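Survey of secondary and tertiary structure
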Amino acid sequence: MKEQLLEILEKSKIDIKSAENLNQLDQFRVKYLGKKGELTLLLRGMGKLSSEERPVIGKLANEVRTDIESLLEENKSVIKEKEKFARLESEVIDVTMSRKTKKVGHKHPLTLVLDEIKSIFIGMGYKIAEGPEVETVYHNFDALNAPKDHPSRDFSDTFYIANDILLRTQTSPVQIRTMKNSKPPIRIISPGRCFRSDEIDATHSPMFHQVEGLVIDKNITMGDLKGTLDTFAKRLFGINTKTKFRPHYFPFTEPSGEVDVSCFKCGGSGCRMCKGSGWIEILGCGMVHPNVLEECGIDPEIYSGFAFGMGVDRITMMKHEIDDIRLFFENDMRFIDQF
Ligand code: DAH
């Protein structure tokens, strides 16, 4: 029996050393020390031993059991270490590896400039108003005091959808909708798309963008208009910008004017950008015509106001020295990605 015990011990040593993982190791524990394990089964035969042999074999059996147990324990920690290293090895992060780049888009140059314009006016207390791109002739022309024979009404200039429905040619109809739907004081800007039946070239597109402005209150004067637009120009083009108001004609304002800013490229001395004049035209404006106020149910004896309208595409072209409006709408990433 002594030999058998020592044989079990030797066998278990070889087995336990060969174990590659904790699972295998546990199988060997069961094989030798389990309820039906080799050592357990052998010890069942102890009853047949003589009373002299029994304590000697009993002692040896206990030693063999403890030896196997400590072998198991030892190998368990070796395997655990090995597994830990293997895991760490496989989880290694190569910090020098180039990452998968997720390309995030960005705003279109027109949107960027529009955002600047909006934030300047929002800073002055204006709200944003919106109106439909498909408009009635009434809102786009009649209510804006446009004479029946105004050339812009012509079929060759305007996209008509029906006799009395068109694609708006300007953002000015939003003035009408705002005045009819709310009471003064009114202070809004209205950005949006406009449409005119123009031939496409470097400076014309049948679809373009405007920002309309409207202020109605008691005691609004031309001084308020000039101060507002001068402040706006200085914020958009730089603090040294000068403004010039030239008389002009718009049916919905009286008096009407156009505003030029001193050329922000040459500072006013004359260059290619300002065609040598030192000035660049940026918008149309004026004091809201009494006929327009009346049409919208606002008493011109009590209230007055000013309005203005500017082309976002033109201003963006100026600001970024872009010489072809078509670049905005062709979606060529080589152009768009520059902003
Ligand atoms: N609607 C004009 C245009 O398309 C721009 C404009 C001029 C708007 C004067 C205004 C204004 O509100 O007062 O040319």
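What counts and what doesn't
- Residues numbered from 1 in each chain as written.
- Predicted model: local features only at pLDDT ≥ 70, side-chain atom pairs only at ≥ 80, totals over all residues.
- Heavy atoms only, no water.
- Pairing = 2+ DSSP bridges.
- Helix = DSSP H or I, 4+ residues; strand = E, 2+ residues; numbered from the N terminus.
- Axes fitted to C-alpha atoms, helices over the stretch in contact; angles between N-to-C directions.
- Polar contact = N/O pair within 3.5 Å; in protein donor to acceptor, adjacent residues only side chain to side chain.
- Contact = heavy atoms within 4.5 Å.
- Expected span 1.5 Å × (residues − 1).
- Buried < 20%, exposed > 50% of the residue type's maximum accessible area, 1.4 Å probe, protein only.
- Arc of directions from axis to C-beta.
- Near = heavy atom within 4 Å.
- Areas by Shrake-Rupley, 256 points an atom, 1.4 Å probe, with all protein chains shown as cover.
- Nonpolar A, V, L, I, M, F, W, Y, C, P; charged D, E, K, R; others polar.
- Salt bridge = Lys/Arg side-chain N within 4 Å of Asp/Glu carboxyl O.
- Domains from an automatic or database assignment.

Let us now look at the sheet that holds strand β4 (residues 165-167). Here we have three strands laid out as an open sheet, ordered β2-β4-β3, and antiparallel in their pairing. Looking at the sheet topology across the chains shown, the edges are occupied by β2 (134-136) and β3 (160-162). The average undirected angle you get between the axes of adjacent strands in this sheet is 35°. Here two bridges tie β3 to β4, and the two strands are oriented antiparallel to one another. Bridge pairing in β4 places Ala 162 opposite Ile 165.

We now examine the side chain of Thr 171. When you line up the elements, Thr 171 lands in the loop between β4 and α7 (173-181). Side-chain polar atoms of Thr 171 contact the side chain of Glu 212, separated by 2.9 Å. Thr 171 has contacts with Ser 190, Pro 191, Gly 192, Cys 194, Gln 210, Val 211 and Glu 212, leaving out every residue within four places of it along the chain.

Its twelve residues give helix α2 (residues 22-33) an end-to-end C-alpha distance of 16 Å, which sits within 8% of 16 Å, the value for a rise of 1.5 Å per residue. Restricting attention to buried positions, one finds in α2 the residues Leu 25, Phe 28, Tyr 32 and Leu 33. Take α2 and look down its axis: the buried residues cluster within an arc of 100°, on one side only. Along α2, the residues that are exposed and aim more than 90 degrees away from the buried face are Asn 23 and Gln 27. In this structure, the buried residues of α2 make contact with α1 (2-18), α3 (38-44) and α4 (53-90).

Once that is clear, we can look at the site of the ligand. Around the ligand, the structure places 15 residues, and the nearest of them are Gln 170, Gln 175, Arg 196, Gln 210 and Glu 212. Residue Gln 175 places a side-chain N or O atom 3.0 Å away from an oxygen atom belonging to the ligand. Protein coverage of the free-state accessible area of the ligand, which is 350 Å², stands at 90%. Counting residues per element, the ones that place at least two in the shell around the ligand are β6 (207-217), β9 (279-288) and β10 (304-311). Residue composition of the shell around the ligand, grouped by class: five nonpolar, eight polar and two charged.

The tally for this structure, following the rule as stated, stands at 19 salt bridges. Across the salt bridge formed by Glu 69 and Arg 65, the nearest N and O atoms sit 3.9 Å from each other. One end of the pair is Glu 69 and the other is Arg 65, both in helix α4 and four residues apart, which spans about a single turn. Lys 265 is paired through a salt bridge with Glu 321; the nearest N and O atoms lie 3.3 Å apart.

Burial analysis of β6 places nine of its eleven residues in the buried class, which makes it a mostly covered element. As paired strands, strand β5 (residues 186-195) and β6 are joined by ten bridges and run antiparallel to one another. Across the sheet, Arg 193 pairs through a bridge with His 209, a residue of β6. Here β6 runs beside β10; their pairing, made up of eight bridges, is antiparallel. The partner of Glu 212 across the bridge, within β10, is Gly 309.

Attention now moves to the domain arrangement of the protein. Parsing the protein into structural domains produces domain 1 (2-90) and domain 2 (109-336). Computed over C-alpha atoms only, the centres of domain 1 and domain 2 are separated by 93 Å.

Another aspect to go through is the sheet that holds β9. Pairing is mixed across the open sheet formed by seven strands, whose spatial order is β1-β5-β6-β10-β9-β8-β7. Every other strand in the sheet has two partners, leaving β1 (127-128) and β7 (243-250) as the edge strands with one partner each. Bridge count for strand β8 (residues 253-262) against β9 is eight bridges, and the pairing is antiparallel. Bridging across to β9, Thr 253 finds its partner in Val 288. Packed onto the sheet, helix α8 (residues 222-237) meets β7, β8, β9 and β10 and runs at close to 150° relative to β9. Along the sheet face, helix α10 (residues 312-319) touches β6, β9 and β10 and points at about 60° away from the line of β10.

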